[in-house]
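One letter stands for each residue in the lines below.
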Amino acid sequence: MAHFADLTPCDYFTPQHDGKLFAVGWLARDHAYSRGDVSRNVVTRIHRFLIDPWEPGRFMGWHDCDFCRVSSGPRQLTLDNVSVDLGNTNLFIPAGDRLLVAPSLILHYIDAHEYSPPTEFCDAVLACPEMRSMDYLKMIRRAAPPALFAGNEVVM
Ligand SMILES: [Zn+2]
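Here the structure is a predicted model, which is why all the values come from computation and not from measurement.

Q: Looking at this model, I keep getting lost on helix 2 (residues 106–113). Mind explaining?
A: Side chains that are three or four residues apart share a direction in an α-helix, a result of its 3.6 residues per turn. Summarising burial for helix 2: six of the eight residues are buried, a large majority. If you check which residues of helix 2 are buried, you get Ile 106, Leu 107, His 108, Tyr 109, Ile 110 and His 113. Elements that come into contact with the buried residues of helix 2 comprise helix 1 (40–49), strand 2 (76–79), strand 3 (82–85), strand 5 (98–103) and helix 3 (119–127). One or two steps after helix 2, the chain reaches Glu 114, where phi turns positive at roughly 60°.

The following block contains the structure:
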């Protein structure tokens, strides 16, 4: 999977990120990452967002987990009897005037590989309105680089 250090500009979706799109949780083998506890509230909120995550377009392909030694990581994670897909979606989380983007595998990294996302991301997750709500879409519009929508079917 593509690797970006936490909170560095992410050009995975568009080269014209305008300094507004930042990566969180794009982990890869041979790159150190931050480990530690993550509050249960953050975990359940990430899980809830992954039930039907908003994305600016449909991005093909799967992200595999580099750290699972035999499998390439799970394709689903179940919490409180609700399963979400992992590996084929991304979470877009507004944080003020910028947008943080995390692969859905972030939930697996927290669960299985002790990953601890940056505080800015955790705070933004807790403050983020429900996926696809009017408040959420307004925040996305404000925070996202315009190029993120170019050439993609805008689902808003
Ligand atoms: Zn793994």
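Q: It is not clear to me how the state of the cysteines should be interpreted in this structure. Could you clarify?
A: Think of a disulfide as a covalent bridge from one cysteine sulfur atom to another cysteine sulfur atom. Evaluation of the coordinates by the stated rule reveals zero disulfides. The thiol sulfur of Cys 10 is not disulfide-bonded, and the nearest other cysteine sulfur, from Cys 128, lies at 17 Å.

Q: Where do I start with the pairing of strand 5 in this structure?
A: Regular strands show a simple pattern: their side chains alternate between the two faces of the sheet. Of all six residues making up strand 5, five are buried, and the element is well covered by its neighbours. Note: strand 1 (residues 21–23) against strand 5, three bridges, orientation parallel. Counted as the bridge partner of Leu 21 is Leu 99 from strand 5. Taken together, the six bridges between strand 4 (residues 90–95) and strand 5 define a ladder with antiparallel strand orientation. Across the sheet, residue Pro 94 finds its bridge partner in strand 5, namely Leu 99. Counting the residues between successive antiparallel strands, the hairpin from strand 4 to strand 5 contains two residues, one of them, Gly 96, with a positive phi of roughly 65°.

Q: Honestly, the pairing of strand 4 in this entry has me stumped. Any pointers?
A: Within strand 4, six of the six residues are buried, leaving the element largely enclosed by the surrounding structure. Judged by which residues are buried, strand 4 turns out to be covered on both faces: Asn 90, Phe 92 and Pro 94 on one side and Leu 91, Ile 93 and Ala 95 on the other are all buried.

Q: Before we go on, may I ask you to explain the coordination of the zinc ion in this structure?
A: When four donors bind a metal tetrahedrally, each ideal donor-metal-donor angle is 109.5 degrees, and when six bind octahedrally, the ideal angles are 90 or 180 degrees. Looking at the metal site, the zinc ion is ligated by Cys 65 (SG), Cys 68 (SG), His 108 (NE2) and His 113 (NE2), spaced 2.0 to 2.2 Å from it. For the zinc ion, the four donor atoms in the first shell make angles of 99 to 123° at the metal, so the coordination geometry reads as tetrahedral. Within one chain, the residues serving as donors to the zinc ion are arranged as C-x2-C-x39-H-x4-H. Here the residue Cys 68 occupies a position in the loop between helix 1 and strand 2, and His 113 occupies one in helix 2, the gap between them amounting to 45 residues. The same class applies to Cys 68 and to His 113, which are both buried.

Q: Can you help me understand helix 4 (residues 134–143) in this one?
A: Turning to helix 4, its buried residues number three or more, namely Tyr 136, Leu 137, Ile 140 and Ala 143. Seen from one end, helix 4 has its buried residues packed into an arc of 135°, which puts them on one side. In helix 4, those exposed residues whose orientation departs by more than 90 degrees from the buried face are Met 134, Lys 138 and Arg 142. Looking at the buried residues of helix 4, the elements they touch are strand 4 and strand 5.

Conventions and cut-offs
- Residues numbered from 1 in each chain as written.
- Predicted model: local features only at pLDDT ≥ 70, side-chain atom pairs only at ≥ 80, totals over all residues.
- Heavy atoms only, no water.
- Buried < 20%, exposed > 50% of the residue type's maximum accessible area, 1.4 Å probe, protein only.
- Helix = DSSP H or I, 4+ residues; strand = E, 2+ residues; numbered from the N terminus.
- Contact = heavy atoms within 4.5 Å.
- Disulfide = S-S within 2.5 Å.
- Pairing = 2+ DSSP bridges.
- Donors = N, O, S within 2.8 Å, 3.2 Å for Na, K, Ca; no water.
- Tetrahedral: all angles 85-135°; square planar, octahedral: opposite > 155°, others 65-115°.
- Arc of directions from axis to C-beta.

Just geometry here; none of it tells us what the structure is for.
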